[in-house]
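Below, each chain spelled out in residue letters.
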Amino acid sequence: MRIWLNGTLQDDEAVVSPLDHGLTTGDGVFETIKIVDGRPFAVTRHLQRLVRSAVGLGLPEPDVAQVEQGIATVVKADPDIAFGRLRITYTGGVSPLSSDRGTSGPTIVVASDPIKRPGPVSAIVTVPWVRNERSAVAGLKTTSYAENVRALAYAKERGASEAIFANTVGNLAEGTGANIFCVYDGELVTPTLESGALAGVTRALVLEWYGATERDVPLAQLFDADEIFLTSTTRDVQAIHRVDDRELPAPGPITAEVAQVFAERSAKDPNP
């Protein structure tokens, strides 16, 4: 693994201070970018969201040119990744052992590693916890991920690859790391961003390249869907064959069509 840390290329023994606010309080934001055949996908969109998340969290605005330098350095150092992820982490830096931020400046880490390509079909489960759509960090991709770690473990214990949250008013929101789409009588639907869902890059591309209705979906309606699929940076468009104990045909015709459109369009333009 090659790691770019605050301007220097290092190996997997790179060290971040134990007083870094990202470690002690989860005070940071991040992006995960897909790598295909040594090339990162949709870098511009991910960096735009990194900036939005950092500003939303009250961190200094990241130096995009510096982050781009880190990305280029890591990709050049490990150019043979057939399929993988590149992670950008941006934290509050060295700070007191409290919620107060320090003055040393942010920490920036860029790292990459090869991963197994997700399968075209998977299963999901709903969880007994909710997304708080009124949270101070709603819609921000922060490093405060313990809630997602707990929910994903719950899902994997039940033979699923993703956990699905409702929000505080009982509407469908998102997964731990994926957006969700449902088909009802031929209509493709996805929850609004006001549900507390993250503005996923793949979600946005599906809306632009294929189209869907954004509206509130009561969680109970998840079990009435004709088709369900997830979108995320590494999943792309992944059909769902089971939600809790309910089996669905997967991929359904609309899911297959969306997946084909996404594959064709993303292959033509690596930075849409």
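## A look at the overall build of the protein
A count of helical and extended segments in the protein gives 6 helices and 15 strands. Taken over the C-alpha trace, the protein has a radius of gyration of 19 Å; the compact-globule value for 272 residues is 19 Å, and the two agree within 12%. Along the longest, intermediate and shortest principal axes, the C-alpha atoms of the protein span 55 × 40 × 30 Å. Classification of the 272 residues of the protein by burial places 49% in the buried group. Counting only contacts in the protein whose residues sit at least 6 apart along the sequence, the fraction spanning at least 24 positions is 69%. Approximately 12500 Å² of the protein is accessible, and the part contributed by carbon and sulfur atoms is 51%.

## Brief notes about the sheet that holds strand β6 (residues 107-114)
Sheet strands associate in pairs through backbone hydrogen bonding, adopting either a parallel or an antiparallel arrangement. A sheet is described by the order of its strands in space; here 6 strands give the open sequence β2-β1-β6-β5-β3-β4, paired in antiparallel fashion. Across the chains shown, the open sheet's two edge strands, defined by having one partner strand only, are β2 (8-10) and β4 (39-40).

## A look at the nonpolar core
Nonpolar side chains tend toward joint burial in soluble globular proteins. Judged by nonpolar contacts, the single largest core of 21 residues is most densely connected at I71, L86 and I88. Only β3 (28-36), α2 (43-57), α3 (64-77), β5 (83-91) and β6 provide two or more residues apiece to this core. The element best represented in this core is α2, accounting for 5 residues. Contact partners of L86, with chain neighbours within four places excluded, come to E31, T32, I33, I35, I71, V75, V110, A111 and S112.

## Considering the packing of α2 against α3
Two elements in contact, α2 and α3, have axes whose closest approach is 11 Å; the angle formed by their N-to-C orientations is 135 degrees. Overall, the two elements α2 and α3 adopt an arrangement that is oblique. As for how α2 packs across α3, the hand of that crossing is right-handed. Contact with α2, carried on its side by V43, L47, L50 and V51, involves V64, V67, E68 and I71 of α3 and no other residues of that element.

## Focus on the packing of α2 against helix α5 (residues 201-209)
Contact geometry for α2 and α5: axes closest at 10 Å, N-to-C directions at 125 degrees. Taken together, α2 and α5 sit at an angle that is classed as oblique. Handedness of the crossing formed by α2 with α5: right-handed. Facing R45, H46 and R49 of α2, the residues of α5 in contact are V201, A204, L205 and E208. Residue composition of the contact of α2 with α5, by class: 3 nonpolar, 1 polar and 3 charged.

## Some remarks on the side chain of T107
Along the chain, T107 turns up in strand β6. Among the residues examined, T107 registers a relative accessible area of 8% and is labelled buried. Of the polar contacts made by the side chain of T107, one reaches the side chain of D20; its length is 2.5 Å. With residues near it in sequence (within four places) discarded, T107 still touches L5, N6, V16, D20, T89, Y90, T91 and G93.

## A closer look at the packing of aromatic side chains
Across all of its chains, the model carries 5 aromatic pairs by this definition. Each ring, one from W129 and one from Y154, has its centre 5.3 Å from the other, and the planes form 75 degrees; the classification is edge-to-face. Here W129, found in strand β7 (residues 121-131), pairs with Y154, found in helix α4 (residues 146-157); they are 25 residues apart in sequence, far enough to count as distant. Residue classification places W129 among the partly exposed positions, given a relative accessible area of 31%. Arranged with centres 4.9 Å apart and planes meeting at 10 degrees, the rings of F181 and F229 form a pair that is stacked. Of this pair, F181 sits in strand β10 (residues 179-184) while F229 sits in strand β13 (residues 227-232); the two residues are 48 residues apart in sequence, bridging distant segments of the chain. F229 carries the same exposure label as F181, and that label is buried. What links up through ring pairs into an aromatic cluster is the set F41, W209 and F262. The ring of F30 is capped by R87, whose NZ or CZ atom sits 3.9 Å from the centre of that ring. Against the face of Y154 rests R158, its NZ or CZ located 3.5 Å from the ring centre.

The rules behind each value
Residue numbers restart at each chain and count upward from 1, following the sequence in its written direction. Residues qualify for local features only when their pLDDT is at least 70, as the model is predicted, and side-chain atom pairs are given and counted only at 80 or more; totals for whole chains, interfaces and linings, by contrast, use all residues. Here the side-chain values reflect all heavy atoms present in the structure, with hydrogen atoms and water set aside. Put simply, DSSP marks the helices as runs of H or I at least four residues long and the strands as runs of E at least two long, and each gets a number from the N terminus on. As a reference, a globule follows 2.2 Å times the number of residues to the power 0.38, and the radius of gyration itself is taken over C-alpha atoms. The buried label goes to any residue with under 20% of its type's maximum accessible area, the exposed label to any with over 50%, and the partly exposed label to all in between, with areas taken from a 1.4 Å probe on protein chains only. The contact criterion used is simple: two residues touch if any of their non-hydrogen atoms lie within 4.5 Å. Areas reported here follow the Shrake-Rupley algorithm with a probe of radius 1.4 Å; residue values treat only the protein chains shown as occluding. Two strands pair under a simple rule: DSSP has to find at least two bridges between them. The set of buried Ala, Val, Leu, Ile, Met, Phe, Trp, Tyr and Cys residues whose side-chain atoms join them within 4.5 Å is what this entry labels a nonpolar core. Axis lines are fitted to C-alpha atoms, over the contacting stretch for helices. Their N-to-C directions set the angle, which ranges from 0 to 180 degrees. The cut-offs work like this: below 35 degrees is roughly parallel, past 145 is roughly antiparallel, 65 to 115 is roughly perpendicular, and the gaps in between are oblique. Crossing chirality is assigned from the near helix's rotation relative to the far helix, an anticlockwise turn below a right angle marking it left-handed and a clockwise turn marking it right-handed. Residues were grouped as follows: Ala, Val, Leu, Ile, Met, Phe, Trp, Tyr, Cys and Pro as nonpolar; Asp, Glu, Lys and Arg as charged; and all remaining residues, including Gly, as polar. Identification of polar contacts relies on pairs of N or O atoms within 3.5 Å, with a donor-acceptor requirement for protein atoms, meaning one able to donate a hydrogen and the other able to accept it, and with residues adjacent in sequence counted only if both atoms are side-chain atoms. Aromatic contacts are taken between Phe, Tyr and Trp rings whose centres are within 6.5 Å, Trp giving its six-membered ring; a plane angle under 30 degrees counts as stacked, one over 60 as edge-to-face, and the others as tilted. Our definition puts a charge over a ring when NZ of Lys or CZ of Arg is within 6 Å of the ring centre and also within 35 degrees of the ring normal.

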